[in-house]
Amino acid sequence: MRDMQGNAAIVTGSSSGVGAATAKLLASLGCNVLVNYNSNQAGGETMAEECRSAGVDAMAFGGSVADDAACVAMAEAARERWGRIDILVNNAGTTKFVAHDNLDGLGSEDFQQIYGVNLIGPYQMIRAVRPAMESQEEGGHVVNVASTAGIDGIGSSIAYAASKGALVTMGLSLARALGPKIRVNTVCPGFIQGEWLRKGLGDRAYEATLDRQLKNTPLHRTATAETVAEAILQFISGSPAITGQTLIVDGGLHLTRASLVQR
């Protein structure tokens, strides 16, 4: 694992969930962290304080990644405070829970909102941090948080699945375009235990889905915010020869597709 002491990281959507777990993990390894939030200011401030308790510097920064001006301001704030930007984790995301066969449940405004946060936001953030990363001898590391929904066409809604599929593809394009200075990789979690999915699915559906996945995945486990954060860290701290890769974090659920095909 490479030494990350004194590195500067931006983690979008990090007031809770995967983003918060990633911010805390990076802080524990010596990274100064910009904790981005959209509406949860209290969560953002609390998370920044938790990062500071690890002995690093941290700041909370409010703003939606769908707003290009906010993305530019975020990058400028990090570079002004720490003189560098080494790591960007594009974790901010949104969705609308709509059954896939309910085509009337999604309108163009839903697609635009979801794409604005899930796809355009990461693009704008990468564009904003690019000058800082390319000016550094060590370059920089970008990890996009997509979803198995973008691989399998499943998930909370068709718009969500489509946006995450596009994010995976964009990661490939930008890995080619931004080398050799910037590495771009993508993590695709499956079902993540936590309040975000519980709130979206409702308690009954959440518990039923969790139980089904725990029984059927080869590892008899699903992702958690912490295990996804660890997967993100593998890209950041691992081999410098890896870019343009997509890592599935789902307890091995994707391996069960073969058994379904053989039946």
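The following refers to the structure shown. Everything numeric in this text was worked out from a predicted model, so none of it was measured.

**Digging into the overall build of the chain**
Stage number 1. In terms of regular secondary structure, the chain is built from 10 helices and 7 strands.
Stage number 2. On C-alpha atoms alone, the chain measures out to a radius of gyration of 18 Å, which is about the 18 Å that the 2.2 N^0.38 rule sets for 263 residues.
Stage number 3. When its C-alpha atoms are laid out on the principal axes, the chain stretches across 55 × 35 × 35 Å.
Stage number 4. Summarising the internal contacts of the chain: among those between residues at least 6 apart in sequence, 73% fall at separations of at least 24.
Stage number 5. As displayed, the chain has an accessible area near 12,200 Å², and 52% of this comes from carbon and sulfur atoms.
Stage number 6. In the chain, 21 positive and 25 negative side-chain charges are present, and the distance between their average locations comes to 5 Å.

**Structural notes on the sheet that holds strand E3 (residues 58–62)**
Stage number 1. Read from one edge of the open sheet, 7 strands run E3-E2-E1-E4-E5-E6-E7, paired in parallel fashion. A strand with exactly one partner marks an edge of an open sheet, and here the two such strands are E3 and strand E7 (246–249). The average angle at which neighbouring strand axes cross in this sheet is 15 degrees, direction not considered.
Stage number 2. Pairing of strand E6 (residues 182–189) with E7 involves 4 bridges; the strand directions are parallel. Among the inter-strand pairings, Pro189 is bridged to a residue of E7, identified as Val249.
Stage number 3. On the sheet, helix H2 (residues 41–52) packs against strand E2 (32–37) and E3 and is oriented at approximately 165 degrees with respect to E3.
Stage number 4. The strands that helix H4 (residues 108–135) touches are strand E1 (8–11), strand E4 (87–90), strand E5 (140–145) and E6; relative to E4, the one it contacts most, it runs at about 175 degrees.

**A word on the pattern of salt bridges**
Stage number 1. For the structure shown, the criterion picks out 9 salt bridges.
Stage number 2. A salt bridge links Asp68 to Arg127; the nearest nitrogen and oxygen atoms lie 3.3 Å apart. In this pair, Asp68 is assigned in helix H3 (residues 68–82) and Arg127 in helix H4, connecting sequence segments 59 residues apart.
Stage number 3. Its relative accessible area of 29% is what places Asp68 among the partly exposed residues.
Stage number 4. Its relative accessible area of 44% is what places Arg127 among the partly exposed residues.
Stage number 5. Between Glu138 and Arg84 there is a salt bridge, and its shortest N-O distance comes to 3.5 Å.

**What about the packing of aromatic side chains?**
Stage number 1. Enumeration over the complete set of coordinates arrives at 1 aromatic pair.
Stage number 2. Note on Phe111 and Tyr115: the rings are 6.4 Å apart at their centroids and 35 degrees apart in plane angle, and the pair reads as tilted. Within this pair, Phe111 and its partner Tyr115 are both found in helix H4, separated by 4 residues, close to a single helical turn.
Stage number 3. Judged by its relative accessible area of 29%, Phe111 is partly exposed.
Stage number 4. Residue Tyr115 is classed as partly exposed on the basis of its relative accessible area, which comes to 25%.

**Points about the pairing of E1**
Put simply, side chains in a regular strand alternate between the two faces of the sheet.
Stage number 1. Residues Ala8 and Ile10 point to one face of E1 and Ala9 and Val11 to the other, with burial holding for every one of them.
Stage number 2. Alignment of E1 against E2, held across 4 bridges, turns out to be parallel. Opposite Ile10, over in E2, you have Leu34 as the bridge partner.
Stage number 3. With helix H1 (residues 17–28) bridging E1 and the parallel E2, this β-α-β connection has right-handed handedness.
Stage number 4. Sheet topology note: the E1/E4 ladder contains 3 bridges and is parallel. Note that in E4 the partner of Ala9 across the bridge is Ile87.

**Some remarks on a nonpolar patch on the surface**
Stage number 1. Taken together, the side chains of Phe97, Trp196 and Leu201 present a nonpolar region at the surface, about 290 Å² in accessible area.
Stage number 2. Position of Trp196 among the secondary structure elements: in helix H7 (residues 195–201).

**Remarks on the nonpolar core**
Stage number 1. Counting 34 residues, the largest nonpolar core has Ile10, Leu34, Ile85, Leu88, Met125 and Val129 as the members making the most contacts within it.
Stage number 2. For this core, the elements supplying multiple residues, two or more each, are E1, E3, H3, H4, helix H6 (158–178) and E6.
Stage number 3. With 8 residues, H4 is the largest single contributor of residues to this core.
Stage number 4. The residues contacting Val129, other than those within four sequence positions of it, are Ile10, Ala75, Ile85 and Leu88.
Stage number 5. Counting residues in hydrophobic clusters, the runner-up holds 32 residues, among them Val33, Ala58, Ala225 and Ala231.

Cut-offs used in this document
- Residues numbered from 1 in each chain as written.
- Predicted model: local features only at pLDDT ≥ 70, side-chain atom pairs only at ≥ 80, totals over all residues.
- Heavy atoms only, no water.
- Helix = DSSP H or I, 4+ residues; strand = E, 2+ residues; numbered from the N terminus.
- Rg over C-alpha atoms; globule rule 2.2 N^0.38 Å.
- Contact = heavy atoms within 4.5 Å.
- Areas by Shrake-Rupley, 256 points an atom, 1.4 Å probe, with all protein chains shown as cover.
- Lys, Arg positive; Asp, Glu negative; His and termini not counted.
- Charge placed at Lys NZ, Arg CZ, Asp CG, Glu CD.
- Pairing = 2+ DSSP bridges.
- Axes fitted to C-alpha atoms, helices over the stretch in contact; angles between N-to-C directions.
- Salt bridge = Lys/Arg side-chain N within 4 Å of Asp/Glu carboxyl O.
- Buried < 20%, exposed > 50% of the residue type's maximum accessible area, 1.4 Å probe, protein only.
- Phe/Tyr/Trp six-rings, centres within 6.5 Å; stacked < 30°, edge-to-face > 60°.
- Right-handed = clockwise from strand over helix to strand, strands pointing away.
- Patch = residues over 30% accessible without salt bridge, like charges linked within 9 Å, V, L, I, M, F, W, Y side chains within 5 Å.
- Core = buried A, V, L, I, M, F, W, Y, C linked by side-chain atoms within 4.5 Å.

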